[in-house]
Amino acid sequence: MEHNKAFYDSLEEAIPKILTEVPSSVLEPYDFIAIIYAQNTIYHGGLKPMARENLYIIGEKHNRLNSGEVFTHIGGHCHEFGHCLGLNHLAGGNQDSLEVDYFALMEVGGMNGPRKNGACPAGINPYYKILKNWVDDENLHPILDDTTGLVIRYDYFNPQYYIVKSRNYPENKFFILKNRLREGFDKYTPNNFDYTGCPEDPNGNQGGLLIWQIEYPSGIHLVLADDKISDHPENSLSEERSYSLDPFPIYQNQQCNDFTIPDLKFHHDQLSFISFKNIVWNDHTKEIILDIDLSNLQNPLQKSVEINFNLSLRENFEIASNVQLIVSNAGITIDSDSIQLNKNSSLQCNGSMHIEQGINFLMGKDTKIISYFEFHATGTKKKPIHFSSLYDNWDGIYIFNAGIAELKNCIIQKSQQRINQFQFRFNH
Ligand SMILES: [Zn+2]
């Protein structure tokens, strides 16, 4: 090359300049070109690791995750080469992607290994492999119906992927399940395999069920069994992560749905309507067994009554304890003097919910009203609408999926939680 490192680093990007200095006849025979410069990788300026079409650039040594300046192992190259193949960072640099960091080659997982310098990088996430047609059909298992006792085995050479789509949401939002243990290049994902952590965890640090949440192209995420990105957030470089970033389950028969912690909701609190239930780790066979419910609208421990015609509540009306009244694909009009929701019950509606003037809602402990579409509660000055508790705090009114909420002359009392996620149209 014609210049020294400092010169190329002073440019915005070194690759275009380098291309002008190398005769095209030298580059032409190759499908991909790696440009490796001497000594330490520089992370700012024109020499920072990056890819451009079929070329990438990186230094001979690098320093990531406090590894010290050491030989740039295969992971750093694989990551940049992934960009040459058209693979983006999973969540486009979004902070939300922190949970996938060490699980994904196209995040920090390229640096996994005994010294955190890429000697044993994480694999490519399943969605990219499927997009690239690198997964044989026989290893892809769409889940089309409610399923019980699904067994998911780890197979390092032929990973088995279970595709879970809800009936309620579009093609680009779904889940991919796999069992991930520690063979081969999976050995250091997401952390040191011999780290001993929480003794109660049934699968320890061996691996377990990964629930990939796909919202393409806005992001690819992992749902972590413990909902923890970090057990040492104040210094994420020096921590020994383990019982954060944890595959499922963290206890036997764990379940995960839109209302658990962690939850399965998509961005903007969009419900997935899916429930993974009774997730069990078999320590003998290293298999995961679970049940899948594809149209879950409520806590699965509770009873539900689902109707799909327009419901009009006119007489005094009461919902019994632990019952979820669900009106799907239809609306509700409430024009009754009083509505009583007993403990742990809910009123849920996928269509428009209209509450007329002067109605008293008596809300029991842990009750809620959930609207997935439009919510109109239109009281008048003389006849306001009251939402109040019987004895204890109730949970709240939830309006999901960017629904519209119109509340006029409403009095809301003793709610322990929130009225959230709605466009508030306040009319006097
Ligand atoms: Zn990158």
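Calculation criteria
Residues numbered from 1 in each chain as written. Predicted model: local features only at pLDDT ≥ 70, side-chain atom pairs only at ≥ 80, totals over all residues. Helix = DSSP H or I, 4+ residues; strand = E, 2+ residues; numbered from the N terminus. Buried ≥ 20, exposed ≤ 12 C-beta atoms within 10 Å, placed from the backbone. Contact = placed C-beta atoms within 7 Å. Arc of directions from axis to C-beta. Pairing = 2+ DSSP bridges. Axes fitted to C-alpha atoms, helices over the stretch in contact; angles between N-to-C directions. Core = buried A, V, L, I, M, F, W, Y, C linked by C-beta atoms within 7 Å. pLDDT = per-residue confidence, 0-100.

Novice: Just checking my understanding: could you explain the overall build of the chain for this structure?
Specialist: Assigned secondary structure in the chain consists of five helices and 30 strands. Across the 428 residues of the chain, 36% fall into the buried class. Of the contacts formed within the chain by residues at least 6 apart in sequence, a portion of 50% connects residues at least 24 apart.

Novice: I'm lost on helix 4 (residues 74–84) in this one. Help?
Specialist: Along an α-helix, residues three or four positions apart point the same way, because every turn accommodates 3.6 residues. Within helix 4 the residues assigned to the buried category are G75, G76, H79, E80 and G82. Taken around the axis of helix 4, the buried residues stretch over an arc of 145°, which confines them to a single face. Of the surrounding secondary structure, the elements contacted by the buried residues of helix 4 are strand 2 (50–52) and strand 3 (55–62).

Novice: Could you clarify how one ought to interpret the environment of A122 in this entry?
Specialist: Position of A122 among the secondary structure elements: in the loop between helix 4 and helix 5 (126–131). Between the alpha carbons of A122 and N191 there is a distance of 9.8 Å; along the sequence they are 69 residues apart. When residues no more than four places from it in sequence are discounted, the contact partners of A122 are Y102, F103, A104, L105, G109, N112, T189 and P190.

Novice: Looking at this model, I keep getting lost on the sheet that holds strand 12 (residues 275–282). Mind explaining?
Specialist: Pairing in this open sheet of four strands is antiparallel, and the strands run 6-13-12-11 from one edge to the other. Every interior strand has two partners, whereas the edge strands, strand 6 (147–152) and strand 11 (254–256), have only one. Shown here is a sheet whose adjacent strand axes are inclined to one another by a mean of 25°, direction ignored. Across six bridges, strand 12 lies against strand 13 (residues 287–293) in antiparallel orientation. Across the sheet, F276 pairs through a bridge with I292, a residue of strand 13.

Novice: I would appreciate a short explanation of the nonpolar core in the present structure.
Specialist: The tendency in soluble globular proteins is for nonpolar side chains to be buried side by side. With 43 residues, the main nonpolar core has F175, L177, L209, I211, W212 and L222 as its most contacted residues. Residue assignment for this core shows that the elements contributing at least two residues are strand 7 (161–164), strand 8 (173–180), strand 9 (208–215), strand 10 (219–223), strand 12 and strand 13. Looking at this core, the element that brings in the most residues is strand 9, giving five residues. In terms of nonpolar packing, the next biggest core, distinct from the first, is built from 27 residues, L325, C349, F375 and I385 among them.

Novice: Quick question: what am I supposed to make of the sheet that holds strand 28 (residues 410–412) here?
Specialist: By definition, the strands of a sheet pair up through backbone hydrogen bonds, in either a parallel or an antiparallel sense. Taken in spatial order, the five strands line up as 16-19-22-25-28 in an open sheet, and their pairing is parallel. Across the chains shown, the open sheet's two edge strands, defined by having one partner strand only, are strand 16 (317–319) and strand 28. With strand direction ignored, the average angle separating the axes of adjacent strands in the sheet is 10°. Where strand 19 (residues 338–341) meets strand 22 (residues 360–363), four bridges bridge the pair, whose relative direction is parallel. Bridging across to strand 22, I339 finds its partner in F361.

Novice: Got a minute to help me understand unusual backbone geometry in this structure?
Specialist: Both trends apply: most residues other than glycine have a negative phi, and most peptide bonds are in trans. For the bond from T189 to P190, the omega torsion is 0°, close enough to zero to count as cis. Counting through the fold element by element, P190 comes out in the loop between strand 8 and strand 9. The peptide bond linking F248 to P249 adopts the cis configuration, its omega dihedral lying at -10°. For P249, the position within the fold is in the loop between strand 10 and strand 11. At K116, a position not held by glycine, the phi torsion is positive, near 55°.

Novice: Explain the pairing of strand 20 (residues 346–349) here, please?
Specialist: Where a strand is regular, its side chains alternate between the two sheet faces. On strand 20, burial covers both faces: S346 and Q348 on one face and L347 and C349 on the other are all buried. Relative to strand 20, strand 17 (residues 323–327) runs parallel, the two sharing four bridges. Across the sheet, residue I326 finds its bridge partner in strand 20, namely Q348. Where strand 20 and strand 23 (residues 368–371) come together, four bridges link them in parallel fashion. If you follow S346 over to strand 23, its bridge partner there is K368.

Novice: Would you explain the pairing of strand 8 in this entry?
Specialist: When you tally the buried positions in strand 8, you get seven out of eight residues, the bulk of the element. As judged from the three bridges shared by strand 7 and strand 8, these two strands associate in the antiparallel manner. Bridging from a neighbouring strand, I163 pairs with I176 of strand 8.

Novice: I tried to follow the environment of K383 on my own but got confused; where do I start?
Specialist: Counting through the fold element by element, K383 comes out in the loop between strand 24 (374–378) and strand 25 (385–389). Taking C-alpha positions, K383 is 8.1 Å from N409, a pair spaced 26 residues apart along the chain. Discounting chain neighbours no more than four positions away, the residues touching K383 are Q357 and G358.

Novice: Could you clarify how one ought to interpret the confidence of the model for the chain in this entry?
Specialist: On average, residues of the chain score 84 in pLDDT, and 85% of them reach the 70 mark or higher. Note on residues 420–428: pLDDT under 50 across the span, and 17 contacts to partners over four residues away in sequence or across chains.

Novice: Explain the environment of Y372 to me, please; I cannot follow it from the model alone.
Specialist: Mapped onto the secondary structure, Y372 falls in the loop between strand 23 and strand 24. For Y372, a count of 22 C-beta atoms within 10 Å gives the class buried. Note: C-alpha distance between Y372 and S328 (44 residues apart in sequence) is 9.5 Å.

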